[in-house]
Amino acid sequence: MTDLPFGRGGSPLQNLILRGYEDTVISAIQCVKEIDAGPVYLKERLNLNGTADEILIRASKIIEKMIVKIVRENPTPFPQVGEVSIFKRRQPHQSKIDFHEVKTLDKFYDYIRMLDGEGYPNAFIEVGNFRISFHSPHLRSGCVESQVKIELIHKSGEGSQ
């Protein structure tokens, strides 16, 4: 989900959104031993508006068309050109909102939406004994609206309440 060789590695969607990208490229590549390093068959544009699930649905439609084109046309892959940059896979604990980094409503919205997809740990904050997770965000004029889930945190060594 990047314009390879830019963005090789893990969590491309989240890394792109964190860096402020609004559009990207899906690169169809030949698999080789080194991750994301193979020659490129095709590249197609992808807009990064919406939640992670919405973006992934759009990406899957583009990928389906790319597969058909590769099968029908059998293009010759070309080497990746440019400076290699590596994205690190995000870990679940990184879904905790860091208010030193998230300082604007736009960034708050981006943080929630980039993690609002099946299989991703939702953005969250911890307040006292509670974890408040955010999903289904909408950026409105002057605010971010979101659904929340509030859970009691069971800290090790403590009984449940």
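Residues numbered from 1 in each chain as written. Predicted model: local features only at pLDDT ≥ 70, side-chain atom pairs only at ≥ 80, totals over all residues. Heavy atoms only, no water.

Caption draft 1: Expanded view of the overall build of the chain. If you tally the helices and strands in the chain, you get three helices and seven strands. The order of helices and strands in the chain, counted from the N terminus, is β-α-β-β-α-β-α-β-β-β. Each of the three principal axes of the chain carries a C-alpha extent, and together these read 60 × 40 × 25 Å. Looking at the 161 residues of the chain, the share that counts as buried comes to 34%. (Helix = DSSP H or I, 4+ residues; strand = E, 2+ residues; numbered from the N terminus. Buried < 20%, exposed > 50% of the residue type's maximum accessible area, 1.4 Å probe, protein only.)

Caption draft 2: Representation of the pairing of strand β5 (residues 123–127) in the model. The sheet contact formed by β5 and strand β6 (residues 130–140) spans five bridges and is antiparallel. Bridging from a neighbouring strand, Phe124 pairs with Ser133 of β6. (Pairing = 2+ DSSP bridges.)

Caption draft 3: Structural view of the nonpolar core. Judged by nonpolar contacts, the single largest core of 28 residues is most densely connected at Leu46, Ile97, Tyr111 and Phe134. Elements represented by at least two residues in this core include exactly α1 (12–18), β2 (23–29), β3 (40–47), α2 (52–73), α3 (105–114), β5 and β6. (Core = buried A, V, L, I, M, F, W, Y, C linked by side-chain atoms within 4.5 Å.)

Caption draft 4: View of α2. With 22 residues, α2 ought to run about 32 Å at 1.5 Å a step, and its terminal C-alpha atoms sit 31 Å apart, in line with that. Regarding α2, the residues found buried are Ala52, Ile55, Ala59, Ile62 and Met66. On an axial view of α2, the arc spanned by its buried residues comes to 100 degrees, and they lie on one face. Along α2, the residues that are exposed and aim more than 90 degrees away from the buried face are Lys61, Glu64, Lys65, Val71 and Arg72. If you follow the buried residues of α2, they end up packed against α1, β2, β3 and α3. Among the residues trailing α2, Asn74 stands out with phi positive, at a value near 45 degrees. (Expected span 1.5 Å × (residues − 1). Arc of directions from axis to C-beta. Contact = heavy atoms within 4.5 Å.)

Caption draft 5: A look at the side chain of Ser95. Structurally, Ser95 is set in the loop between β4 (86–87) and α3. Among the residues examined, Ser95 registers a relative accessible area of 2% and is labelled buried. Look past the residues within four positions of Ser95 in its chain and what remains in contact with it is Arg90, Tyr111, Leu115, Pro121, Asn122, Ala123 and Phe124.

Caption draft 6: The environment of Gly38, seen in detail. As for its placement among the helices and strands, Gly38 is situated in the loop between β2 and β3. On the basis of relative accessibility, which here comes to 0%, the residue Gly38 falls in the buried class. Residues Gly38 and Ala28 lie 10 residues apart in sequence; the distance between their C-alpha atoms is 9.3 Å. The contact partners of Gly38, leaving out residues within four places of it in the chain, are Ile29, Gln30, Val32 and Gln80.

Caption draft 7: The arrangement of the pattern of salt bridges in detail. Summed over all chains, the structure comprises seven salt bridges. As a salt-bridge pair, Asp110 and Arg113 come within 2.8 Å of each other at their nearest N and O atoms. Of this pair, Asp110 and Arg113 both sit in helix α3, separated by three residues, roughly a single helical turn. With respect to burial, Asp110 and Arg113 carry one shared label: buried. Across the pair Arg131 and Glu126 runs a salt bridge, and its minimum N-O distance is 2.7 Å. A relative accessible area of 30% means that Arg131 is categorised as partly exposed. Exposure remark for Glu126: the relative accessible area of 33% places this residue in the partly exposed category. Each of Lys96, Glu126 and Arg131 takes part in salt bridges that share partners, so that together they form one network. (Salt bridge = Lys/Arg side-chain N within 4 Å of Asp/Glu carboxyl O.)

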